[in-house]
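Letter by letter, the chains look like this.
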Amino acid sequence: MNPAWAIENFLEVENKHLHIGGVSAVGLTEKYGTPLFVFSEQRIKHNINRLRRAEKVIDCRLKICYAAKANSNMAILRVVLESGADLEVNSGGELWKALKIGFAPEQIIFNGTSKEIWELEDAINAEIYAIQVDSLFELALIEETAQRLGKRANVSLRLVPEIETKTHSGLQTALLTSKFGMMPDEALSAFHIYKDSNFLNLCGVHLHIGSQNPESAPYMHAIHLLFENLVKIYNETGTRLTHINLGGGFPVNYLRDDSHTLHFPPAQREMFAADFEPSDAIADAWIAVKTAAARADTAHLLENLTLLLEPGRSIISDAGVCLTTVRNIKERPLPDINQSLKKITQETRREYLDEYGVSLGQTRTSFGVYEVKRGLVHPNIKSVVWLLTDAGFNILLSMETYKWYYHLISAERADEKHNFPYKLAGPLCDGGDVYFDIEGEARLPDYRLLPDNVQPNEILALLNCGAYSIAQMFQYNGRFLPAIVLIRENGETELIRKRDGFEDLITNEVF
Ligand code: PLP
């Protein structure tokens, strides 16, 4: 039987080993070393096409602008380009990368809260599809800059929609208290002020409700808000918008293998296990807006409109795997059960009780009644086994900042039962470089289940690591940034980033 994390033609088990796009993960580590990121071209394209399904249902043009911030490796950007998607960038640097790899200016939108003059100049000179404006101050700056350059800038105003989603607080971007965008009233006043400007083409409104949003309902709310503003802007200023931008934030199910599921507090679990079809959410939202528009006699404003999306995570996260080697092993006495139980939330305790009719305090294992009942825990655990890998938070920063969960498997024994609990940690000289919640708030499982008797040199794989990982990596502790490999659709393997060497550690240092 296939493991729960397997995905046909992408993540599979062959001869005991994890295969990625038909290529042996262990073979790749023998050639390129670890830590190693492996991406699948086929999976990236699959994810883009999955979103594109919405096109069939909505009767307006759909522009899928992949959010480069999730992963802007040049070869990855080329795959995105070749798949026909457009691009969202967040800095003059990302804009430069986008143009260099071959995106046409009309394929690019530019977000950001603190754009510098040179960045605005580059965007205006390139004549990109839209600069997404974060404030009235910035809008004035763009007009001034465009006038100086003798150009007309395409702009879209980013709204504060005040929509809360059930994601991590650091990933909420649409609240009054979030740092992004302007209030709808401010945006309306901007249309009054600049509608006849020779230097600004006010063509859209934009919002982004956050990342890894577990529910689809906020998208319905968000598109209604965009359309309400579009109507108001038309009625009050006569400006007819050519696009609305619903942002990104479509979730990835990080708990498709549910073996660790009950070790998460309910809110955390809901977020990590989020699993709705983005194209369905978009289609439902569009149909609702169309119906409302027809009722209000404003349907003509939907004609010739383009709907923009800015997905990052949902395109690249599950297309990337991080391979790591166990470099060290140690044993510690089992912690006091009462101490571990203190970390478990009241809700989880109640859930255990409801589900198994036994209270957590009645068991002598620190790994929870859940595993005992399912027969997952090794019967003879006498101590805690720690495995120290070569993948730390310098290459998977979200593990530290957001206590992000990446499912872990043995790449060498992918077919074996994963039922022995280990404590996992990375290589950094930093107590927070662990795969559990060091702050004791139980936002991550304390233990990871792997096959029996994992020893140093075994290759492990962290799944769903493609988003916000290599985009944020850094050389803390003088660690070489990893190599990255792309598995092509035809099964060929391409090195798309070389592993750092000694000289890379001092590039740009002056001494
Ligand atoms: N658009 C904007 C404005 C964002 O801030 C982000 C990420 O936070 C995205 C798009 C991409 O979000 P995600 O990767 O969750 O799809």
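**Observations concerning the overall build of the protein**
Within the protein one finds 16 helices and 20 strands. For the protein, the spread of C-alpha atoms along the three principal axes comes to 75 × 60 × 45 Å. The burial tally for the protein puts 58% of its 511 residues in the buried class. Within the protein, counting contacts between residues at least 6 apart in sequence, those at least 24 apart form 73% of the total.

**So, the site of the ligand**
If you check the shell around the ligand, you find 14 residues, and the closest are K69, S211, E310, R313 and Y468. K69 is positioned with one of its side-chain polar atoms (N or O) 2.8 Å from an oxygen atom of the ligand. In this structure, G249 approaches the ligand through a main-chain N or O atom, which is 2.8 Å from an oxygen atom. With the chains in place, 93% of the 400 Å² that the ligand exposes on its own is no longer accessible. Residue composition of the shell around the ligand, grouped by class: three nonpolar, six polar and five charged.

**Some points on the packing of helix α9 (residues 217-237) against helix α11 (residues 278-295)**
Contact geometry of α9 with α11 gives a least axis separation of 9 Å together with a crossing angle of 40 degrees. As judged from the angle between their axes, α9 and α11 are oblique. The handedness of the crossing between α9 and α11 is right-handed. Along its contact with α9, which presents Y219, M220, I223, H224 and F227, the element α11 presents D284, A285, W286, A288, V289, A292 and A293. Partitioned by chemical class, the residues of the contact of α9 with α11 number ten nonpolar, one polar and one charged.

**A few points about the packing of helix α7 (residues 136-149) against helix α8 (residues 184-194)**
Direction vectors running N to C along α7 and α8 enclose 25 degrees, while the axes themselves pass 11 Å from each other. Taken together, the axes of α7 and α8 lie roughly parallel to each other. Two packed elements cross with a definite hand, and for α7 against α8 that hand is right-handed. Along its contact with α7, which presents L136, L139, A140 and E143, the element α8 presents E186, S189, A190 and Y194.

**With respect to α9**
Across its 21 residues, α9 extends 30 Å between first and last C-alpha, which sits within 8% of the 30 Å expected from 1.5 Å per residue. Those residues of α9 that sit buried are P218, Y219, A222, I223, L225, L226, F227, N229, L230, V231, I233 and T237. On its buried face, α9 is in contact with α8, β10 (200-206), β11 (243-245), α11 and β12 (306-309).

**Considerations on the packing of aromatic side chains**
Here the structure, examined in full by the defined rule, presents 15 aromatic pairs. With centroids separated by 5.0 Å and ring planes inclined at 90 degrees, the aromatic side chains of F264 and Y405 adopt a geometry described as edge-to-face. Placement of F264 in the loop between β11 and α10 (266-272) and of Y405 in the loop between α16 (398-401) and β15 (408-410) is noted, with a sequence separation of 141 residues between them. Given the relative accessible area of 1%, F264 is considered buried. According to the relative accessible area criterion, Y405 is buried, its value standing at 0%. Between F474 and Y476 the ring centres are 6.4 Å apart and the planes differ by 40 degrees, which places this aromatic pair in the tilted class. The exposure class assigned to F474 is partly exposed, which follows from its relative accessible area of 29%.

**Here's the deal with the sheet that holds β11**
Spatially, eight strands are ordered β5-β6-β7-β8-β9-β10-β11-β12 in a closed barrel, and the strand pairing comes out parallel. Between one strand axis and the next, the sheet turns through 30 degrees on average, direction left out of account.

**Considerations on the side chain of E41**
Tracing the chain through its elements places E41 in helix α2 (residues 41-52). The contacts of E41, once residues within four sequence positions are left out, are V79, E82, L486, I487, R488 and E489.

**Remarks on the sheet that holds strand β1 (residues 11-14)**
With respect to topology, three strands assemble into an open sheet ordered β1-β2-β3, the strand pairing being antiparallel. At either margin of the open sheet sits one strand with a lone partner, and together these are β1 and β3 (23-24). As paired strands, strand β2 (residues 17-20) and β3 are joined by two bridges and run antiparallel to one another. Residue pairing for β3: I20 is matched across the bridge by V23.

**Considering the pairing of strand β6 (residues 86-89)**
Of the two faces of β6, the one carrying D86 and E88 and the one carrying L87 and V89 are both buried. Taken together, the three bridges between strand β5 (residues 61-67) and β6 define a ladder with parallel strand orientation. Within β6, the position partnered with A67 by the bridge is E88. Once the chain exits β5 it traverses helix α4 (residues 74-82) before rejoining the sheet at β6, and the crossover so formed is right-handed. For β6 and strand β7 (residues 108-110), the ladder comprises three bridges, and the chain directions are parallel. The residue of β7 that forms the bridge with E88 is I109. In this region the chain leaves β6, passes through helix α5 (residues 92-101) and returns to the parallel neighbour β7; the handedness of that crossover is right-handed.

Procedures and definitions
Residue positions within a chain follow its written sequence, with the count starting from 1. Since the coordinates come from a predicted model, pLDDT governs what is reported: local features require at least 70, and pairs of side-chain atoms require 80 or more to be given and counted, while whole-chain, interface and lining totals use all residues. As a convention, hydrogens and water are excluded, and side-chain values are obtained from all of the structure's heavy atoms. Helical segments are the DSSP runs of H or I of at least four residues, strand segments are the runs of E of at least two, and each set is numbered from the N terminus. Categorising residues by exposure relies on relative accessible area from a 1.4 Å probe, with only protein chains included: less than 20% of the type maximum marks a residue as buried, more than 50% marks it as exposed, and the intermediate range marks it as partly exposed. We call two residues in contact whenever any of their non-hydrogen atoms come within 4.5 Å of each other. The criterion for a residue being near a molecule or strand is simple. One of its heavy atoms has to lie within 4 Å of it. Distance and chemistry together define a polar contact, namely a pair of N or O atoms within 3.5 Å, with one atom able to donate a hydrogen and the other to accept it when in protein, and with adjacent residues in sequence counting only for side-chain atoms on both sides. Only the protein chains shown count as cover for residues, and all accessible areas are computed by the Shrake-Rupley method using a 1.4 Å probe. Residues were grouped as follows: Ala, Val, Leu, Ile, Met, Phe, Trp, Tyr, Cys and Pro as nonpolar; Asp, Glu, Lys and Arg as charged; and all remaining residues, including Gly, as polar. Helix axes are fitted to C-alpha atoms over the stretch in contact, other axes to C-alpha atoms as well, and angles between N-to-C directions run from 0 to 180 degrees. Reported orientations rely on four angle classes, namely roughly parallel under 35 degrees, roughly antiparallel over 145, roughly perpendicular from 65 to 115, and oblique for the rest. Less than a right angle of anticlockwise turn of the near helix away from the far helix marks a crossing as left-handed, whereas a clockwise turn marks it as right-handed. Each residue after the first adds 1.5 Å to the expected span of a helix. Side-chain rings of Phe, Tyr and Trp (the six-membered ring for Trp) are treated as a pair once their centres are within 6.5 Å; stacked means planes under 30 degrees apart, edge-to-face means over 60, and tilted covers the remaining angles. At least two DSSP bridges between two strands are needed for those strands to be called paired. Throughout, right-handed denotes a crossover for which the path from the first strand over the helix to the second runs clockwise when the strands point away from the viewer.

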